[in-house]
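Chain and residue survey
Each chain, letter by letter, is given below.
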Amino acid sequence: MQKMPKWADAVLIPLFSILLAFFFSGLVIWGIGKNPFEAIKVMVDGAFGSTNGLGYTLYYTTNFIFTGLSFAVASHTRLFNIGGEGQAMLGGLGVALVCLAVQWPHWTLALPAAMAMGALFGAAWAFIPAYLQAKRGSHIVITTIMFNFIAAALLGYLLTKVLKVPGAMAAETAKFPVGAHLPTFHEMLAPFGIDFNKNAPANVSFLVALFAAFVFWILMWKTRLGYQIRAFGNSETAAKYAGINPSRIVIIAMLISGGLAGLMAINNVMGEAERLIDNAVEGAGFIGIAVALMGRNHPVGIVLAALLFGFLYQGGAELSFWESIPRELVVVIQALVIMFTGALDNMVRIPLEKMFLFFSRKKEV
Amino acid sequence: MSAQSEKGRQATAAPTASPAPAIELRGISKAFGPVQANKDISITVQKGTIHGIIGENGAGKSTLMSILYGFYKADAGEVIINGQKVEITDSQAAIAAGIGMVFQHFKLVENFTVLENVILGAEEGPMLRPSIAKARGLLKQLSDEYELSVDPDALIEDLSVGHQQRVEILKALYRQADILILDEPTGVLTPAEADHLFRILQGLKEQGKTIILITHKLREIMEVTDTVSVMRRGEMTATVKTSGTSPEQLAEMMVGRKVLLEVTKSPANPGKPVLEVEDLRVRDELGVERVKGINLNVRAGEILGIAGVSGNGQSELLEVLGGYRKASGIVRMNGEEIDLTGKHSDGQSRRKRGIANVPEDRHDEGLILEFQAWENMIFGYHNAPEYQKNRFLMDNAAIKAATQAKMDRFDVRPPNPKLEAKSFSGGNQQKLVLAREIERNPDLLLVGQPTRGVDIGAIEFIHQQIVALRDQGKAILLVSVELDEIMSLSDRIVVMFDGRIMGEKNPGETNEGELGLMMAGITEGDQ
Amino acid sequence: MDYATILQILDSTVRLATPLLLTCLAGLFSERAGVVDIGLEGKLLAAAFMSGAAAAVTGSIWLGLLAGIAASMAFSMLHGLASITFKGDQLISGVALNFLAAGLTVVIGQSWFQLGGRTPPLTGNGRFEAWNLPFAEKLADVPFIGPLYYELISGHTALTYIAIACVPLSWWVLYRTRFGLRLRAVGENPSAVDTAGVSVVRMRYASLIIAGVLCGMAGTYLASLAAGFVKDMSAGRGYIALAALIFAKWRPWYALSATLLFGFLEAIGNRYQSISLGDFVIPVQFMQALPYILTVIILAGFVGKAIPPRAGGQPYVKER
Amino acid sequence: DPAIIFDLGGKFDKSFNEAAYNGAERWAAETGGSYRDVELQSDAQREQALRAFAEKGFNPIVMAGFSFGSALETVAADYPDTKFAIIDMVTPAPNVRSVVFNEHEGSFLAGVMAAMASEGDTVSFVGGMDIPLISKFACGYAQGVKSVKPDANVIVNMTGTTPAAWNDPVKGGELTKAQIGQGSEVVYAAAGGTGLGVLQTAKDEGILAIGVDSNQNYLQPGSMLTSMVKRVDNAVYEAFTAGEDLEAGIFVMGLANDGVGVAMDEYNADLVTPEMLAAVEDAKAKIISGEIVVHDYMSDESCPAY
Ligand SMILES: Nc1ncnc2c1ncn2[C@@H]1O[C@H](COP(=O)(O)OP(=O)(O)OP(=O)(O)O)[C@@H](O)[C@H]1O
Ligand SMILES: Nc1ncnc2c1ncn2[C@@H]1O[C@H](COP(=O)(O)OP(=O)(O)OP(=O)(O)O)[C@@H](O)[C@H]1O
Ligand SMILES: [Mg+2]
Ligand SMILES: [Mg+2]
């Protein structure tokens, strides 16, 4: 017997939680002397009102799907991989190297190569913490935090000293060759007669991200490996009883996790910037944690949570473009959304459950 | 009103009209969401008696006691202690009312010392040192008085369960409890420890303390209680004087049908040896030798029972055979030597050789509590070809169908493969594990503590299944701390003590007394 | 490297370690009570902001300290509301708090001071003064001991001495008082505490209050040292403190060593930014990453498995 | 209306972006006109913001920061009728004005002053994030110092390798203390918010400090030797004033046209000796005349002075 129908748990609770978060965000906006209703309108309009806005929203969403999935894989193994940021940075390096090394004739060739390299570099960056966790018991939370810092230093060095275009100001690599240009939504949809804004950065990576989410689902719930990962994550002693090798699972799961984070680079590095710039990840690794936690480590949840954060990012940008609201306000809204949907969900659940129980009792009588 | 509760009323109302009863519960109800765990329960317990409570898994026994102890809050009803109505809002209030409780799963801080655990929440003052000093004296006095000796400075995690339980009792006594509730206290104890416990309980009773004892073991009820209540599906169905009832009658009241309390089995028909163990030695993580060179064999079509007080190497033996502990020595399965230390020493390789394994701890090992029943049904066999759709994907539909069939065959209730393992009762969880392992049709079945914490209805069923497997000509290695179980199931019995085998007995030619001595390390020679 | 340089590096170590130590101890109290706190970074930032703001307005850093503690405490209580009262996910709540602090400090700061989220600079009593310990000046010329005392031991601000005093104090509270016993128990097995008649909720809130106070001090220290608040000025110190906490295996004295080690590595990195070995110049980036690299190496080689408090991270749900 | 886009540091960074902001404000105050501004939080928003403003008809659009370079290249072509101005970067396009500053020249003067204000021969520099632009400051500074004291020791430290390096005043302070420990008497901070910690520590420890970009002398009166001002404000002001008639091309702002310089005001009057002033004027004249060539780090990414 259930306390509450499943649909209520899946739909009503997040809905009410988001409303609560928006309510408090509104209070903050009102507190700094702006009109919250106007702000919401600007955000929704900016994020979904035009194909341009939508293109940006989906671009951010793509990043967050990758990092969210990355965190979720580790999470199913009961590993708190806080290193998505660094792994995504290294993924960017891998993508940049492969895009620059070869004069790619067509993106269909470049994309798989970039995916492979991005994932490989990301996975490699996750490997050392994973190995240390599995074999030496070094706490993965610290090692991955440290690897974020180390990755930043490494990329800082490479971009200022090795990969930078001589004479250029910015610490960034050369632009990738045209053959490595990924089709944007504009280019993808034009053949179908749909006119998508040609400047929005959303690109074919979004489809890769959705596919990755699907593969994630297959992997976790339909394959032996996923089964073993989840079993290990739930109970290490039981996993040993079943003959599941703990070190192997830890390392494989972290490699997948790092690989997914590294894959993000096909979107921001290859799809958007078309060059590797400093600090290209911009905190998407950390947002991925929130996305995975909010999405309850399930791909559908992750995609939806990523979309929500994509909306906040893009809507928030519009807010600072047109409303002269400090850009940090968006961070506040993000925080409140994470808080209410992720941590304070019981605040909504408890009264709702009581309500459902009350009505079901009444029906029985 | 039913005849049974009429009878219950007479039983409790009859004896002395002198002092007020120690405990009187009136109309207690408690629901967990949609589950009505307790329905309008009333019960009276006289001062200075031992009162037993029995009932199937999930009948609501623990819930009722937790309410009495203030751990849960009742939805309705009142509690009267020594004739006075008390509001038990939390455990603090219960403690103040003189109630102490020993939970089924101990409430001890593992890496604290005994002393720290005892004084936790009942410290003398804000500083620890004086509290500890004072407690040390009091503890010594209490443990002398009630034969509850434990080392006050030992860490809980280093103590055997029996000793941990003593700490729990000391905790209650330290808080000057007059009423002591014990929830399935013997589930994890050896017979010797259990006997010791009952002596302590008798002593406490003589001191005028009132004791409530929850157990699944009718023998214990018959031996130590004065009165007994039976619960079924959240309701109190009867309360009777122990002297006026019989195990069969109690079992019937509990389950609602007749239960066979004896295992019926034909004589064994053993074949060739399936498992041969030679000079097996096992060291634990700290390097201490836990199994010190044992030799044994199990033949097809027989049940070899290993008796012994827990902690004498049986668990390690099972773990080695199950593949999740390293060892030295020789183990042969169907005549072939198996790897004890190398790459092929893991649960998977063992299963491939036809060794199935019902582990001692179904929560920590046998099941993933968060997994649904069907996912648990392939646990350990997730690599088996029949569960795969192709190289990459598992065949979840087939697994679910197979699970449904197994659940039906093993009468797992509710028979829903999509229910998470944690929402089954202990008995049904155990049936899930057994269904998984037995249905693999193994050559050798390792079984550890198959009926720990399981109600008698389920015990009967589980025993029947084990015997049935034997009758198919399979070898079974049974480890249990329940001598009853060992005696009634085994075809041969070996006794383990301190990592060694003390001797082998035929169940028909031995008795509990003799085995008990061997379990204590006393061999025939010594006698 | 001469003696004076060593002293300077050690002096710098102490300054850099102080906020880490306070934050680490804050984490120690909350995690010992079973509340995992990755929101340390946020609390640190919130405290730095409020203390900076209050000190700028009132001109007194002591009032700033109060305000900083109040801010950090407010964040702690929010964490408690989510993770204790509503039994929410402690990690999510912590992440949310970090975002919240990063955003709110700037939004509020901008609306109060119009300085882009900065506070006006702190001057005079708006900052902590260095305390010169007795005889420091007089002893300064005594060889070896004198400089050691004068440079390294004397001449820090009140909060540094308070932070160091907090180490034995924390140890004493945790291991020598009833409160500490219950606090540790609640982080190991809350149901044991509950059935012993002690409120788990109250203990956990108490631990968060202590964490709030400690983080408040750490944040105020930052604001005072930098003479004002600058956005994001915690600069990852909350995370480093968390790393130090694991390093320290959740023990006060170890926390002191761990944070001193991190402080020392940073001081070294600051002092020796690029070292040339013949033709090869070790890049700055390497020196700056050195503390992190060393941490990993030390973790891999020398520190065994750090076992966290067993009930850490899980809300205490009675009706399981 | 004109519009301005600030870089990730935000418009109140007390240095570069703030200088740009001040220029815009000055224009607004003097003309009574209004303008639109935005602070970015992500690299992907550069192009987005540019397009958004161009789309809505803002003209001219000014960008504060070299990072807009690549975004501008594509956008400028799409909006030929809109005028753009980019600061610190050269973007060749018919409708773009590129304003670059000879920071090395200004820093050279700062170096001269530092050398003269110090008694010993150690001075220092604290940079923010380790990027070539900041090395350009450091290198000019070192050359200035060495032009006065050839054997001087110029300690150059960078705060970090991530954008967080711009906002860590505590670390800035520590770096300064470490430099003081090595004998530094004057510290030049080119480090955004981190620099505030540098200036504060210099004051606390009793050494001199040099600010950057905006005139920061007022921040710590008494210990501020000067500030190497980069008249980003003028660049913005001029662009706004020119309006839709903004002239395209490359505009180099150096000592010659007062695009960079060292700030003299009432806050540092006591610290600047007549000899120092004379030396600065002399160096300035020689640089303008070409007699002194200050090496630009960006030209070959190396610095002869250290
Ligand atoms: N914390 C809880 N939350 C929800 N339901 C619960 C909880 N505890 C018990 N229940 C439900 O209440 C019923 C009674 O449980 P209880 O633990 O009292 O049974 P029991 O008689 O002690 O069983 P056992 O013999 O297995 O120990 C069960 O159906 C169980 O599902
Ligand atoms: N959250 C829950 N929801 C529903 N039923 C629960 C829940 N928690 C426990 N139960 C049920 O409560 C009953 C009693 O649980 P209890 O803790 O006594 O363990 P148990 O099932 O008897 O197992 P064991 O004896 O092995 O410890 C069981 O039926 C169990 O499945
Ligand atoms: Mg029970
Ligand atoms: Mg039970």
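Residues numbered from 1 in each chain as written. Chains lettered and ligands numbered in written order. Predicted model: local features only at pLDDT ≥ 70, side-chain atom pairs only at ≥ 80, totals over all residues. Heavy atoms only, no water.

The next subject is the site of ligand 1. Residues in contact with ligand 1 amount to 17 residues; listed here are only the nearest, N57, G58, K61, S62 and T63 of chain B. Surrounding ligand 1 is a set of residues that belongs to chains B and C. Measuring from an oxygen atom of ligand 1, one finds a backbone N or O atom of A59 of chain B at 3.1 Å. With respect to ligand 1, the side chain of Y72 of chain B contributes an N or O atom lying 3.2 Å from a nitrogen atom. Burial of ligand 1 by the protein amounts to 74% of the accessible area it has alone, namely 630 Å². Residue assignment for the shell around ligand 1 shows that the elements contributing at least two residues are β2 (35-45) and α2 (61-68) of chain B. Looking at the shell around ligand 1 element by element, the count peaks at 3 residues for α2 of chain B. Grouping the constituent residues of the shell around ligand 1 by class yields 5 nonpolar, 7 polar and 5 charged. (Near = heavy atom within 4 Å. Polar contact = N/O pair within 3.5 Å; in protein donor to acceptor, adjacent residues only side chain to side chain. Areas by Shrake-Rupley, 256 points an atom, 1.4 Å probe, with all protein chains shown as cover. Helix = DSSP H or I, 4+ residues; strand = E, 2+ residues; numbered from the N terminus. Nonpolar A, V, L, I, M, F, W, Y, C, P; charged D, E, K, R; others polar.)

Time to look at the packing of helix α3 (residues 61-85) of chain C against helix α4 (residues 90-113) of chain C. Residues and elements named next belong to chain C. As a packed pair, α3 and α4 sit with axes 9 Å apart at the nearest point and diverge in direction by 150°. Judged by the inter-axis angle, α3 sits roughly antiparallel to α4. For the pair α3 and α4, the sense of crossing is right-handed. Every residue of α4 that contacts α3 at F75, L78, H79, A82 and S83 is listed here: Q90, S93, G94, L97, L100 and A101. Taken together, the residues of the contact of α3 with α4 break down into 6 nonpolar, 5 polar and no charged. (Axes fitted to C-alpha atoms, helices over the stretch in contact; angles between N-to-C directions. Parallel < 35°, antiparallel > 145°, perpendicular 65-115°, else oblique. Left-handed = near helix turned anticlockwise from the far one by under 90°. Contact = heavy atoms within 4.5 Å.)

A few words on the pairing of strand β2 (residues 36-39) of chain D. Residue and element names in this part refer to chain D. Two elements, strand β1 (residues 3-6) and β2, share 4 bridges in a ladder whose sense is parallel. Directly across from A3, in β2, lies its bridge partner R36. For the crossover from β1 across helix α1 (residues 16-31) to β2, the handedness is right-handed. (Pairing = 2+ DSSP bridges. Right-handed = clockwise from strand over helix to strand, strands pointing away.)

With that settled, consider a nonpolar patch on the surface. Residue and element names in this part refer to chain A. On the surface, a nonpolar cluster with roughly 490 Å² of combined accessible area is contributed by I40, V44, F48, V300, L304 and L307. For the nonpolar patch, the elements supplying multiple residues, two or more each, are α2 (36-48) and α14 (299-322). Its place among the elements puts V44 in helix α2. (Patch = residues over 30% accessible without salt bridge, like charges linked within 9 Å, V, L, I, M, F, W, Y side chains within 5 Å. Salt bridge = Lys/Arg side-chain N within 4 Å of Asp/Glu carboxyl O.)

Membership of the largest hydrophobic core comes to 458 residues, with the highest contact counts inside it found for M270 of chain A, L68 and L201 of chain B together with I5, F84, F125 and Y141 of chain D. Built from parts of two domains, this core gets at least three residues from each of domain 1 (23-255) and domain 2 (273-526) of chain B. With near-sequence residues (within four places) excluded, F125 of chain D lies in contact with I134, F137, A138, Y141, I155, V156, N157, M158, Q179, Y188 and A190 of chain D. (Core = buried A, V, L, I, M, F, W, Y, C linked by side-chain atoms within 4.5 Å. Buried < 20%, exposed > 50% of the residue type's maximum accessible area, 1.4 Å probe, protein only. Domains from an automatic or database assignment.)

Here we take up the UniProt feature "domain: ABC transporter" (unreviewed entry) in chain B. When the UniProt feature table is mapped onto this chain, "domain: ABC transporter" (unreviewed entry) is found at residues 23-258 and 275-523 of chain B. Note that residues 275-523 of chain B is 33% helix and 24% strand, and that its end C-alpha atoms are spaced 26 Å apart. (UniProt positions renumbered as here; feature names shortened; annotations may be inferred.)

On to the interface of chain B and chain C, then. At the interface, 30 residues of chain B touch 23 residues of chain C. When chain B packs against chain C, the two sides together hide about 2200 Å² of surface, and 56% of this comes from carbon and sulfur. Among the residues of chain B in contact with chain C, F71, L120 and L128 of chain B are the three that bury the most area, contributing 24% of the side total. Inspection of the region where chain B meets chain C yields 3 salt bridges. For E110 of chain B, the salt bridge identified is with R310 of chain C, shortest N-O distance 3.8 Å. Linking chain B with chain C are 7 residue pairs in polar contact (both at pLDDT 80 or more). Secondary structure elements with two or more residues in the side of chain B that touches chain C: β1 (23-32), α3 (91-96), α4 (114-119) and α5 (128-145) of chain B. At 3 residues, α3 of chain B tops the list of elements feeding residues into the side of chain B that touches chain C. Its residues placed into classes, the side of chain B that touches chain C shows 16 nonpolar, 6 polar and 8 charged. (Buried area = accessible area lost by both parts, 1.4 Å probe.)

All names here are of chain B. Domain assignment breaks chain B into domain 1 (23-255) and domain 2 (273-526). Relative placement of domain 1 and domain 2: their C-alpha centres are 31 Å apart. In this assembly, 18 residues from domain 1 lie in contact with 16 residues from domain 2. Surface buried jointly by domain 1 and domain 2 totals about 1300 Å² across both partners, of which 57% is contributed by carbon and sulfur atoms. Where domain 1 touches domain 2, the interface holds 2 salt bridges. A salt bridge links R219 to D484, with the shortest nitrogen-to-oxygen separation between them at 3.3 Å.

Here we come to the environment of K231 of chain C. One can find K231 of chain C in the loop between α10 (200-225) and α11 (237-247). Between the C-alpha atoms of K231 of chain C and A48 of chain C, which are 183 residues apart in sequence, the distance is 9.5 Å. Beyond its immediate chain neighbours, meaning those up to four positions away, K231 of chain C contacts R327 and E328 of chain A, V106 of chain C together with L8, G9 and N167 of chain D.

We now examine the sheet that holds strand β9 (residues 227-232) of chain B. Residues and elements named next belong to chain B. On the basis of which strands lie adjacent, the open sheet formed by 6 strands has the order β6-β7-β8-β3-β9-β10 and mixed pairing. The open sheet has two edge strands with one neighbour each: β6 (99-102) and β10 (235-241). With direction set aside, neighbouring strand axes in the sheet form an average angle of 20°. Both strand β3 (residues 50-55) and β9 contribute to a ladder of 5 bridges, which runs parallel. When the sheet's bridge partners are listed, I53 is paired in β9 with S229. Of the strands in this sheet, β3, β7 (179-183) and β8 (210-214) are in contact with helix α7 (residues 191-206), which crosses β8 at around 150°.

With 43 residues of chain A at the contact, the number on the chain C side is 41 residues. When the two sides are added together, the surface that chain A and chain C hide from each other amounts to roughly 3700 Å², 82% of it contributed by carbon and sulfur. It is I142, M146 and M339 of chain A in chain A that bury the most area against chain C; as a group they hold 15% of the surface buried on that side. Applying the counting criterion to the chain A and chain C interface returns 4 residue pairs in polar contact (both at pLDDT 80 or more). Of all the secondary structure elements, the ones that give two or more residues to the side of chain A that touches chain C are α5 (107-136), α6 (140-162), α13 (284-294), α15 (328-343) and α16 (345-364) of chain A. Counting residues per element, the side of chain A that touches chain C draws most heavily on α6 of chain A, which supplies 13 residues.

It is worth spelling out the sheet that holds strand β10 (residues 224-230) of chain D at this point. Residue and element names in this part refer to chain D. On the basis of which strands lie adjacent, the open sheet formed by 6 strands has the order β7-β6-β8-β9-β10-β12 and mixed pairing. Two strands bound the open sheet, and with one partner strand each, they are β7 (153-160) and β12 (260-262). Taken over all neighbouring pairs, the strand axes of this sheet differ in orientation by 15° on average, direction set aside. When strand β6 (residues 122-129) meets strand β8 (residues 186-190), the two strands line up parallel, connected through 4 bridges. Of the residues in β8, the one forming a bridge with V126 is A189.

Okay, empty space enclosed by the protein next. With the rule as written, the count across this model stands at 8 cavities of 30 Å³ or more. Here the largest cavity defines a volume of roughly 150 Å³. Taken together, 15 residues form the lining of the largest cavity, with R118, P121, A226 and A227 of chain C together with L196 of chain D sitting closest to its centre. Broken down by class, the residue content of the lining of the largest cavity amounts to 9 nonpolar, 4 polar and 2 charged. Looking at the second largest cavity, its volume works out to about 120 Å³. Around the second largest cavity, the lining comprises 16 residues; the ones closest to its centre are Y59, N63, N268, A280 and E282 of chain A. Put simply, the parts of the chain that give the lining of the second largest cavity at least two residues each are α3 (51-76) and α12 (265-273) of chain A. No other element matches the 4 residues that α3 of chain A contributes to the lining of the second largest cavity. For the lining of the second largest cavity, the class distribution of residues is 10 nonpolar, 3 polar and 3 charged. (1 Å grid on protein atoms, 1.4 Å probe; cavity = no way out; pocket = protein on both sides within 12 Å on 5 of 7 lines; lining within 4 Å. Points joined across faces, edges and corners; volume = space filled by probe spheres on them.)

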